[in-house]
Amino acid sequence: MSRLLIVDDDREFAAAAATLAEQEGFEVTIAATLADARQRLGDARFDLLLLDLQLPDGHGLDLLHEVDLIPHGRIVVVTGNPTLESAMRAVTEPVIEYLVKPIDPDRWLDMLRETQRIQPLASDLQLMRTGLLGRSQVVRETVATLLRIAPTDASVLITGESGTGKELAAHTLHTASDRSGEFIAINCGAIPSEVAAHELFGYELASYSVAGGRQINVFDRAINGTLFLDEVTEMPPALQVYLLRAIEATAMTRADPGADAPPRVVAATRHDPQQAVAEGRLREDLYYRLADVIVPMAPLRDRDEDAVLLARAFIDRLNARYGKRKRLARGAERVLLRHLWPGNVRELLSAVQRAYLLENDDAIAVLPAPSPSDAINETDTTLVFSIGMTLADIERRMLLKTLSHFKNDKTAAARSLGISVRTVHNQLARLAKEPSGQEPPSIQRGQERHA
Amino acid sequence: MSADTLTPELAVQPLHDLRNAANALGISLEVVRRCLERQDTARALDFLANAQAASERCRSALESLTPPHR
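Residues numbered from 1 in each chain as written. Chains lettered and ligands numbered in written order. Predicted model: local features only at pLDDT ≥ 70, side-chain atom pairs only at ≥ 80, totals over all residues. Heavy atoms only, no water.

## As for the interface of chain B and chain A
Where interface size is quoted, it is often the accessible area lost as the parts come together.
Moving on, step 1. On the side of chain A, 22 residues touch chain B, which itself brings 22 residues to the contact.
Moving on, step 2. Between chain B and chain A lies a buried interface of about 1900 Å² when both sides are counted; carbon and sulfur atoms form 55% of it.
Moving on, step 3. Of all residues in chain B, the largest losses of buried area upon contact with chain A belong to R19, N23 and I27 of chain B, amounting jointly to 31% of the total for that side.
Moving on, step 4. On inspection of chain B and its partner chain A, the count reaches three salt bridges.
Moving on, step 5. A salt bridge links E12 of chain A to R57 of chain B, with the shortest nitrogen-to-oxygen separation between them at 2.5 Å.
Moving on, step 6. Linking chain B with chain A are nine residue pairs in polar contact (both at pLDDT 80 or more), by the criterion used here.
Moving on, step 7. Going through the elements one at a time, α1 (8–37) and α2 (41–65) of chain B are the ones with two or more residues in the side of chain B that touches chain A.
Moving on, step 8. Across the side of chain B that touches chain A, the residue classes tally to ten nonpolar, six polar and six charged. (Contact = heavy atoms within 4.5 Å. Buried area = accessible area lost by both parts, 1.4 Å probe. Salt bridge = Lys/Arg side-chain N within 4 Å of Asp/Glu carboxyl O. Polar contact = N/O pair within 3.5 Å; in protein donor to acceptor, adjacent residues only side chain to side chain. Helix = DSSP H or I, 4+ residues; strand = E, 2+ residues; numbered from the N terminus. Nonpolar A, V, L, I, M, F, W, Y, C, P; charged D, E, K, R; others polar.)

Take a look at the structure:
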């Protein structure tokens, strides 16, 4: 059941708003003062907080600085005395709505229903806590899952393509678990097997001395913390058996409630783990030991409009670093949303950084880099088209490639394409009026862009 | 400044009271409507009383805002 806290000293309104919420299935608590609200927020978790600004013992927005809001859900501010000052304050707080009384009962009911609908998803505050940027439903679901399992001892296997944020997810599990120990990350695919053996389980080559002379391995270093095994399916099968034994031995020897907690093992792979088991690249017993819970990280192409949000966030960071005020160019959103981003967030970050540093204009047109495989497969007389491209893209690239092939001879290009010269001119004129307000990049730069 | 001088803060107060009262009235009447739909007459009566109290607050705030007739 969703929980609502109404902080308002208007008894008649609070009672009526509470009744409507109860009829919608909410469990409602009413606080008439800031002091009462502070206590209620400390005692329970609320999915929705309706906060009046003028309270007998202070300003409602002060409450947002006095309590830990992370466990709570959405915050709606309501006031009978709207001022520019309070509105400006509210926009700097994690407030989703600033409502002026009298509020429309239908709007209130919509808000209640929306809260119930998104309740299993992470709130904006929870997203901010993780550092995982994005607002799409799939990211909110992933974050909600991570936060739900973080305080448990369950082993977690994070799957997802390269660049989807698997290590960030593992780090989120660690920080949200309140474990006091370290977060130790090991890339199982990058360590030579012998060194890996000693690093993980051994007491000789790459282990670490402690004061008493005993040598410690990564399991010791991650006591009370988290051991992150990246690219676990890349680990040579011969080592996997030792890893399995090390995990089980650590868990058994430190089972005493008073003792230090064994490391929480979080593994990650960009491959399908079940397929890796079927192909003998991942031991089945290790798979079951590592995968109490499997958390899939969605590729960027499945994350609604997150690519635009991420690009803007990256530009903001670069602006802060370089003291500039660059922004995303008009029309760039369309390019960002149309591209499939096979390299995911990492590829997007690289594209944004490249555009930011190379473009003189303050308005940045973020263009994906040509795919290396396309560059290999394309020749002077061939083009590579991939799923996800629009027909308009294909037509455009075909036209430009043909023109390039015929050294900009429009008559020859038209003949080759089976269209009139007038159509070629019309198409070029249309391309020049693309929403970015610039010439198509392929014309401007004399080279074609991977779409 | 004399005791009956209207400061900007005091001028805003009746409007604030009116907004609060109208808010309580609107939401209370919505509860009444929904209770009647559910044939919950006892609760409908409770919130009708709520609405009446809010209505009185509205009247009082409106009178504060309206200049007296000469």
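After that view of the structure, there is still more to cover.
## Digging into the pairing of strand β3 (residues 48–52) of chain A
All names here are of chain A.
Moving on, step 1. The buried count for β3 comes to five of five residues, which makes it a mostly enclosed element.
Moving on, step 2. Every second residue of β3 is oriented toward a common face, with L48, L50 and D52 on one face and L49 and L51 on the other, all of them buried.
Moving on, step 3. Relative to β3, strand β1 (residues 3–7) runs parallel, the two sharing four bridges. Following the sheet pairing, L5 is matched in β3 by L49. (Buried < 20%, exposed > 50% of the residue type's maximum accessible area, 1.4 Å probe, protein only. Pairing = 2+ DSSP bridges.)

## Notes on the packing of aromatic side chains
Residues and elements named next belong to chain A.
Moving on, step 1. For the structure shown, the criterion picks out three aromatic pairs over all chains.
Moving on, step 2. Their ring planes at 25° and their centres at 5.9 Å tell us that F183 and F228 sit as a pair that is stacked. Note that F183 is positioned in strand β9 (residues 183–187) and F228 in strand β12 (residues 226–230), a separation of 45 residues in sequence.
Moving on, step 3. F183 gets classed as buried once you look at its relative accessible area, which sits at 17%.
Moving on, step 4. Directly above the ring of F46 sits R3, whose terminal nitrogen or CZ lies 5.2 Å from the centroid.
Moving on, step 5. Its guanidinium or amino end placed over the ring of Y356, K326 lies 4.9 Å from that ring's centre, counting from NZ or CZ. (Phe/Tyr/Trp six-rings, centres within 6.5 Å; stacked < 30°, edge-to-face > 60°. Lys NZ or Arg CZ within 6 Å of the ring centre and 35° of its normal.)

## What about the sheet that holds strand β6 (residues 74–79) of chain A?
Either a parallel or an antiparallel arrangement is found when strands of a sheet pair, and the pairing is made through backbone hydrogen bonds.
Residue and element names in this part refer to chain A.
Moving on, step 1. Pairing is parallel across the open sheet formed by five strands, whose spatial order is β2-β1-β3-β6-β7. Sheet topology places β2 (27–31) and β7 (97–100) at the edges, where each strand pairs with a single neighbour. For this sheet, the mean angle separating the axes of adjacent strands, direction not counted, is 20°.
Moving on, step 2. Bridge count between β3 and β6: five bridges; the pairing is parallel. Bridge pairing in β6 places L50 opposite V76. (Axes fitted to C-alpha atoms, helices over the stretch in contact; angles between N-to-C directions.)

## As for the sheet that holds β9 of chain A
Residue and element names in this part refer to chain A.
Moving on, step 1. A sheet is described by the order of its strands in space; here five strands give the open sequence β9-β12-β13-β8-β14, paired in parallel fashion. Strands with a single pairing partner mark the edges of an open sheet, and in this sheet they are β9 and β14 (293–296). Ignoring strand direction, the axes of neighbouring strands in this sheet form an average angle of 20°.
Moving on, step 2. Strand direction decides the pairing type here: β9 and β12, joined by five bridges, are parallel. Following the sheet pairing, F183 is matched in β12 by T226.
Moving on, step 3. Where helix α7 (residues 137–149) meets the sheet, its contacts fall on β8 (156–159), β13 (264–269) and β14, and the angle it forms with β14 comes to roughly 150°.
Moving on, step 4. Across the sheet, helix α8 (residues 166–175) touches β8, β9, β12 and β13, and the angle it forms with β8 is around 150°.

## A short note on the side chain of T142 of chain A
Moving on, step 1. Note on placement: T142 of chain A falls in helix α7.
Moving on, step 2. Apart from the residues lying within four places of it in its own chain, the contact partners of T142 of chain A are V295, P296 and M297 of chain A.

## Topic: the confidence of the model for chain A
Residue and element names in this part refer to chain A.
Moving on, step 1. In the predicted model, chain A carries a mean pLDDT of 80, and the fraction of residues at 70 or more is 80%.
Moving on, step 2. Throughout residues 203–214 the model reports pLDDT below 50, and contacts reaching past four residues in sequence, or to other chains, amount to 22 contacts.
Moving on, step 3. Overall, residues 435–451 carries pLDDT values under 50, and its contacts beyond four positions in sequence, including any with other chains, amount to 46 contacts. (pLDDT = per-residue confidence, 0-100.)

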